[in-house]
Amino acid sequence: MVYKALTIAGSDSGGGAGIQADLKTFQELGVFGMSAITAVTAQNTLGVQGVYPLSAEAVAAQIESVAADLGADAVKTGMLFSAEIIRTVAEQVKKHKWERLVVDPVMIAKGGAPLLQEEAAAALKEELLPLALVITPNIPEAEALTGVVIRTMDDRREAARLLHRMGARYVVVKGGHDDDGEETVDLLYNGSEFSYFKSKRIDTRHTHGTGCTFAAAIAAELAKGRQVVDAVATAKSFVQAAISHPLGIGQGHGPTNHWAYRQYGE
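Residues numbered from 1 in each chain as written. Predicted model: local features only at pLDDT ≥ 70, side-chain atom pairs only at ≥ 80, totals over all residues. Heavy atoms only, no water.

Chemist: Describe the pairing of strand 2 (residues 32-44), and please don't skip the residues or the numbers.
Modeler: As judged from the 8 bridges shared by strand 1 (residues 4-12) and strand 2, these two strands associate in the parallel manner. Bridge pairing in strand 2 links Ile8 to Ala36. In this region the chain leaves strand 1, passes through helix 1 (residues 18-28) and returns to the parallel neighbour strand 2; the handedness of that crossover is right-handed. In terms of strand pairing, strand 2 meets strand 3 (residues 47-53) through 6 bridges, oriented antiparallel. Paired with Ala42 across the two strands is Gly50, which belongs to strand 3. Count of turn residues in the strand 2/strand 3 antiparallel hairpin: 2 residues. (Pairing = 2+ DSSP bridges. Helix = DSSP H or I, 4+ residues; strand = E, 2+ residues; numbered from the N terminus. Right-handed = clockwise from strand over helix to strand, strands pointing away.)

Chemist: Now, about the packing of helix 1 against helix 7 (residues 210-223): what can you tell me, with residues and values included?
Modeler: Between helix 1 and helix 7, the least distance of the axes is 8 Å, while the angle of their chain directions is 40°. The angle between helix 1 and helix 7 falls in the class oblique. Like other packed secondary-structure pairs, helix 1 and helix 7 cross with a definite hand, here right-handed. Contact residues: helix 1 offers Gly18, Ala21, Asp22, Thr25 and Phe26, while helix 7 offers Cys212, Thr213, Ala216, Ala217, Ala219 and Ala220. Residues belonging to the contact of helix 1 with helix 7 are distributed by class as follows: 7 nonpolar, 3 polar and 1 charged. (Axes fitted to C-alpha atoms, helices over the stretch in contact; angles between N-to-C directions. Parallel < 35°, antiparallel > 145°, perpendicular 65-115°, else oblique. Left-handed = near helix turned anticlockwise from the far one by under 90°. Contact = heavy atoms within 4.5 Å. Nonpolar A, V, L, I, M, F, W, Y, C, P; charged D, E, K, R; others polar.)

Chemist: An account of a nonpolar patch on the surface is requested, with residue identities and associated values reported.
Modeler: A surface patch of nonpolar side chains, about 280 Å² in accessible area, is lined by Val2, Phe32 and Leu70. Inspection of the secondary structure assignment puts Leu70 in the loop between helix 2 (56-69) and strand 4 (74-77). Judged by its relative accessible area of 37%, Leu70 is partly exposed. (Patch = residues over 30% accessible without salt bridge, like charges linked within 9 Å, V, L, I, M, F, W, Y side chains within 5 Å. Areas by Shrake-Rupley, 256 points an atom, 1.4 Å probe, with all protein chains shown as cover. Salt bridge = Lys/Arg side-chain N within 4 Å of Asp/Glu carboxyl O. Buried < 20%, exposed > 50% of the residue type's maximum accessible area, 1.4 Å probe, protein only.)

Chemist: Could you give an account of the packing of aromatic side chains, naming the residues involved and the relevant values?
Modeler: Within the structure shown, the criterion is met by 2 aromatic pairs. Between Tyr189 and Phe194, the ring centres sit 4.4 Å apart and the planes meet at 25°, which makes this aromatic pair stacked. With 5.4 Å between their ring centres and 40° between their planes, Phe238 and Tyr261 make a pair best called tilted. Here Phe238 is found in helix 8 (residues 228-244), whereas its partner Tyr261 is found in helix 9 (residues 260-264), with 23 residues between them in sequence. Overall, Phe238 belongs to the buried group, its relative accessible area being 1%. (Phe/Tyr/Trp six-rings, centres within 6.5 Å; stacked < 30°, edge-to-face > 60°.)

Chemist: If you had to explain the side chain of Glu141 to someone new, which residues and values would you point to?
Modeler: Among the structural elements, Glu141 can be located in helix 5 (residues 139-146). For the buried residue Glu141, which engages in no salt bridge, the nearest side chain bearing the opposite charge is Lys174, 4.7 Å off. Other than its neighbours up to four places away in sequence, Glu141 contacts Asp104, Pro105, Val106, Met107 and Thr136. (Lys, Arg positive; Asp, Glu negative; His and termini not counted.)

Chemist: Can you break down the pattern of salt bridges residue by residue, with the values?
Modeler: Two side chains of opposite charge can pair, provided their charged atoms sit close to one another. In total, this model carries 10 salt bridges according to the counting rule given. Close ionic contact of Arg151 with Glu143 constitutes a salt bridge, the shortest N to O distance being 3.4 Å. Given a relative accessible area of 61%, Arg151 falls into the exposed group. Under the relative-accessibility criterion, Glu143 is labelled partly exposed at 21%. With its nearest N and O atoms 2.4 Å apart, the salt bridge here joins Arg157 to Asp154. Of this pair, Arg157 and Asp154 both sit in helix 6 (residues 153-165), 3 residues apart, which is roughly one turn of the helix. Here the salt bridges do not stand alone but share partners, grouping Glu221, Lys224 and Arg226 into one network.

Right, here's the structure in full:
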């Protein structure tokens, strides 16, 4: 059985995030990766130098090509950039009845550059979020989507409840932006109970692409038929290994090590 996952996201010329990170993650987890590019970025570890979006028509054509021939066992979205692209992606997800959808609400790059137009946030909430099996916001993204100012774990739980009410069946609020303590804690909410995934905090600047990688790992595991809680656990371990064994390349926020999970284990 060859499991297949489709990433619908932007291209990162530096190779650390976007479709490049997604395809590397799919490969490392034994899943055949396919892509539909929403935008091309001129990007490296120092920041984003340019964003060049594709047309919604071009995005739809790529998705149609994959769906018509190869199909997909799971789909992951990343940088979608505009409201028009978001609506197009939502239409395609519904058309092809893709239920294992992981939405990574990419809004801001690691260096602070906006990757989602302001008017697109409403489309993300209204059009795509209700289709998501899993949504994986970090703390700033969860704040932007819900309006909740997140300072405590109770705040995170409240944001997760609101995102679930918006339609996502499972919500993961990642804890990487929470600087308190020696652990990072990712919170998973399924509509009735919370689960917590803890790992040791690693002091490193080489974290570019961790959000893309985390969501892609969840999608890869879902493509193989894993349950959401197990997929999140594997994704947490995958990213922890990638951060713990840095490549040490680039002058800024360096990329994570996508082969670390296979080479070194957890």
